[in-house]
Amino acid sequence: MSMIVDRRDLDFILFDLLGMEELLRHPHFAAFDRDACTQMLDTAQQIAEDHFLPIAAEVDANEPRFVGGRVEMPEGTGHALRACAEAGFFALPFAQEHGGLQAPRVLHTAASGIFTCANTAVANYAFLTVGAANLLAAFGSEPLRRRFLPPMLEGRWFGTMCLSEPQAGSSLADITTTATPRADGTFSLRGSKMWISGGDQEISENIVHMVLARIAGAPAGTRGISLFLVPKRRVDESGAVGESNNIALAGLNHKMGQRGTTNCLLNFGESGETIGHLIGAPHRGLEYMFQMMNEARIGVGHAATMSALAGYRHSADYARTRTQGRRAGQKDPSAPPVPIVEHADIRRMLLAQKAAVEGAQALCLYAAQLVDRQEIATDADEKAWLGALLGLLTPVVKSWPSEHCLEANKWAMQILGGYGYTRDYPLERLYRDNRLNHIHEGTFGIQGIDLVGRKLGGDKGDALRRFAAQMRETAATAARQPALANEAARLVAALDQLGVTADTLLACADLPRRLANATVFLDAFGHVVIGWLWLWQALVAATALEGNPPAPDRLFHEGKILTCRYFMAHELPLGIARLALCATLETTSLDAPAALFAL
């Protein structure tokens, strides 16, 4: 049994639930059919199990070191990433015109998740490079694309995103890095960037930084931010790598998890001129960067899901093989102990993990497929709707797995008892790795503000109402299935409360009061979306069972229906309660004076 992928469930979500074969029939994805997708997933699993998984504990225990102004790290990191690149995974989602394989984004997300599940810290380098390359492909000039894209898609050069600064954190309106025009059309950058994942290393030939900075005279706030491509080593017009671009590694940040990924403080222009290339138009940098940030938010949510998947599979395996105690009501001390999976509370914790992991997996892959559908849509109204739906769901995709798949890792550790806290098993590392996803690419609170302030408020709730109607259609279909009627009714009740609460928030003219409820609303909305995805999965499973499948498939599909029951009974009511709380426009957090927390 693989500990880094559940291929049966992955195939179910991709093909049975999302119907990816219909997507593959579009001419844009002509190079891929189901067999080709299967081969790519097989290859990803093989590379991940041969190169990523064996070094996961090593890169955690031997995190990168700052020695003589350079980064030192285990050699296995570079070997794993080269194997990944040589198999085409850096190039997988890119257009053929840019040297890519032009695969669906949903396939790339699924394959990348296998690497992430095996070794998040090493997979991060590929994840960041693909994101930076996508940004360049979308908004960079043709000369810049010709010069920088090929080595990035080949995995010879890596990429990063440089947003935060020591004094500004998540408040991008307060960044102070400057970009001064040079006579040749390039810019000279000066400033510092903090918390830069993959910001320095000696694995790749070069690093392509995507940097937010201000041009002199730019408007204040976020409206005055521009985006620049800034290589670690300068690159001439032929694409040859030259001298240092004077980006100084000022230090490494040491994190509780994902330790194998360098996390850096970088100084630009400290010891000489740092030259950058403007991406797109001046003062539109944040608009462009949001593409990478939104893409990264889906990736971070999926990374949280995959850390939880690894924990779930390890804890399920342990529960089946660890014997302890006897069944409830069995008093005979001479009776042999039973595997702990026989105890109801162990099964409760396994169901909690299964519900979170498989629900979140469906959410992340659904969002990735929305990206594909938007790309190939020819009808303007459909393209606009898919973009609005993706925008509405992106805060959920980032936040719900980061919160509840972390909780799943907690249950995995609990099942192992004392062993869960030791390095004999990977559970404690998976938990530490996953905790970082909660703040990567915007905290829970920032995502809540995005959902309530921008997405919900931006269109007065139109996208939410249309999406809710789509979820109601699923509930109406499920209501006709006797085995799912109760679960359908629970989803309808949740959607009713969602509508009431959303209308209340929209009607609230007091912005601080509205936003004080934003994070709780985001979490509750996520519960409703996951409830819908579970009901949808149960519907597909129920249809499959009508065909009288063989025993293993029957157990799989019955497990889907049972887990849907679990989520609707145990988890969805929590979302309904939180929605009801938000509908009161609760103000405790606003009423608490700052002085209350003085030490």
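Computed from a predicted model, the values in this text were never measured in an experiment.

Enquirer: Whenever I open this one, the packing of helix α7 (residues 120–139) against helix α8 (residues 142–153) confuses me. Can you help?
Expert: Geometrically, a packed helix pair is captured by the angle between its two axes and the distance between the axes. The contact between α7 and α8 brings their axes to 10 Å, and the two run at 160°. In terms of axis orientation, α7 runs roughly antiparallel to α8. Crossing of α7 against α8: the hand is left-handed. Touching Thr129, Ala132, Ala133, Leu136 and Ala137 of α7 are Leu144, Arg145, Phe148, Leu149, Met152 and Leu153, all from α8. Looking at the contact of α7 with α8, its residues break down into nine nonpolar, one polar and one charged.

Enquirer: Just checking my understanding: could you explain helix α5 (residues 75–86) for this structure?
Expert: Because each turn of an α-helix spans 3.6 residues, side chains separated by three or four positions end up pointing in the same direction. Between the first and last C-alpha of α5 there are 17 Å, a value that for 12 residues agrees with the 16 Å anticipated at 1.5 Å per step. For α5, the set of buried residues is Gly76, Thr77, Gly78, Ala80, Leu81, Ala83, Cys84 and Ala85. Where α5 is buried, its residues contact α3 (34–52), α4 (56–61), α6 (105–118), α7 and β3 (157–162).

Enquirer: Please clarify how helix α14 (residues 462–479) should be interpreted in this entry.
Expert: With 18 residues, α14 extends 26 Å between its outermost C-alpha atoms, agreeing within 8% with the 26 Å of an ideal straight helix rising 1.5 Å per residue. Buried within α14 we find Ala463, Leu464, Phe467, Ala468, Met471, Thr474, Ala475 and Ala478. Seen end-on, α14 carries its buried residues on one side only, within an arc spanning 125°. If you follow the buried residues of α14, they end up packed against α11 (380–416), α13 (444–458), α15 (485–507) and α17 (518–545).

Enquirer: Would you explain the UniProt feature "domain: Acyl-CoA dehydrogenase/oxidase C-terminal" (unreviewed entry) in the chain in this entry?
Expert: Residues annotated in UniProt with the feature "domain: Acyl-CoA dehydrogenase/oxidase C-terminal" (unreviewed entry) correspond here to residues 284–448. As a span, residues 284–448 carries 73% helix and 0% strand, and end to end its C-alpha atoms are 24 Å apart.

Enquirer: Where do I start with the nonpolar core in this structure?
Expert: One recurring pattern in soluble globular proteins: nonpolar side chains tend to sit buried together. Counting 158 residues, the largest nonpolar core has Phe52, Phe467, Phe521 and Phe525 as the members making the most contacts within it. The biggest single contributor to this core is α17, with 18 residues. Contacts of Phe467, omitting those with residues within four sequence positions, involve Trp385, Leu389, Leu392, Leu393, Phe525, Val529 and Trp532. In this structure, Met161, Leu172, Met210 and Leu212 belong to the second largest nonpolar core, which totals 33 residues.

Enquirer: Would you mind going over the UniProt feature "domain: Acyl-CoA oxidase/dehydrogenase middle" (unreviewed entry) in the chain with me for this structure?
Expert: UniProt records the feature "domain: Acyl-CoA oxidase/dehydrogenase middle" (unreviewed entry) for residues 161–268 in the present numbering. Annotated as residues 161–268, this span is 0% helix and 49% strand, and its ends, taken at the C-alpha atoms, are 14 Å apart.

Enquirer: When you look at the pattern of salt bridges in this model, what are you seeing that I'm missing?
Expert: Pairs can form between side chains of opposite charge whenever their charged atoms are close. Applying the stated criterion across every chain, the model contains 35 salt bridges. Note that Glu358 is salt-bridged to Lys354, the shortest N-O span being 2.8 Å. Highlighted residues: Glu358 and Lys354, both in helix α10 (residues 344–376), separated by four residues, approximately one helical turn. Both residues of the pair, Glu358 and Lys354, count as buried. Among the ionic contacts, a cluster of salt bridges with common partners joins Arg70, Asp200, Glu202, Lys232 and Arg233.

Enquirer: Where do I start with the side chain of Ser307 in this structure?
Expert: Looking at where Ser307 falls in the secondary structure, it is placed in helix α9 (residues 285–321). When sequence neighbours within four positions are dropped, the list of residues in contact with Ser307 reads Thr120, Asn409, Leu430 and Asn434.

Enquirer: Help me understand the packing of α14 against α15 in this model?
Expert: Interaxial distance between α14 and α15 falls to 8 Å at its minimum, and their mutual angle equals 165°. On the basis of their axis angle, the class for α14 and α15 is roughly antiparallel. The element α14 and its partner α15 pack so that their crossing is left-handed. Each of Leu464, Arg465, Ala468, Met471, Arg472, Ala475, Ala478 and Ala479 in α14 lies in contact with α15, whose residues at this interface are Ala485, Ala488, Leu491, Val492, Leu495, Asp496, Leu498, Ala502, Asp503 and Leu506. Class assignment of the residues belonging to the contact of α14 with α15 gives a composition of 14 nonpolar, no polar and four charged.

Enquirer: Teacher, can you tell me more about the state of the cysteines here?
Expert: Note on terminology: a disulfide is the covalent bond linking the sulfur atoms of two cysteines. With the rule as written, the count across this model stands at zero disulfides. Free of any disulfide, Cys84 has its nearest neighbouring cysteine sulfur in Cys117, separated by 15 Å. With no disulfide partner, Cys162 has as its closest neighbouring cysteine sulfur the one in Cys264, 9.0 Å distant. Overall, Cys162 belongs to the buried group, its relative accessible area being 0%.

Cut-offs applied
Going along each chain's sequence as written, the residues are numbered from 1 onward. Given that this is a predicted model, residues contribute local features only at a pLDDT of at least 70 and side-chain atom pairs are listed and counted only at 80 or more, while totals for whole chains, interfaces and linings are drawn from all residues. Note that the side-chain values use all heavy atoms of the structure and ignore hydrogens as well as water. Think of each axis as a best-fit line through the C-alpha atoms, taken over the contacting stretch in the case of a helix, with angles from 0 to 180 degrees between the N-to-C directions. The secondary structure listing takes helices from DSSP runs of H or I that are at least 4 residues long and strands from runs of E that are at least 2 residues long, numbered from the N terminus. Angle categories: roughly parallel below 35 degrees, roughly antiparallel above 145, roughly perpendicular from 65 to 115, and oblique for all the rest. Crossing handedness is read from the near helix: turned anticlockwise from the far helix by less than a right angle, it gives a left-handed crossing, and turned clockwise, a right-handed one. In this analysis, two residues are considered to be in contact whenever any of their non-hydrogen atoms come within 4.5 Å of each other. Following the grouping adopted for this structure description, the nonpolar residues are Ala, Val, Leu, Ile, Met, Phe, Trp, Tyr, Cys and Pro, the charged ones are Asp, Glu, Lys and Arg, and the polar ones are all others, Gly among them. Here, expected helix span is obtained from the residue count minus one, scaled by 1.5 Å. Relative accessibility under 20% of the residue-type maximum defines a buried residue, over 50% an exposed one, and the middle range a partly exposed one, all with a 1.4 Å probe and only protein chains included. Think of it as the arc spanned by the lines of direction from the helix axis to the C-beta atoms. UniProt positions are given in the numbering used here, feature names are shortened, and annotations may be inferred rather than shown by experiment. Side-chain atoms within 4.5 Å link the members of a nonpolar core, which is a set of buried Ala, Val, Leu, Ile, Met, Phe, Trp, Tyr and Cys residues. One side-chain nitrogen of Lys or Arg within 4 Å of one carboxyl oxygen of Asp or Glu is enough to make a salt bridge. Criterion for a disulfide: a pair of cysteine sulfur atoms at a distance within 2.5 Å.

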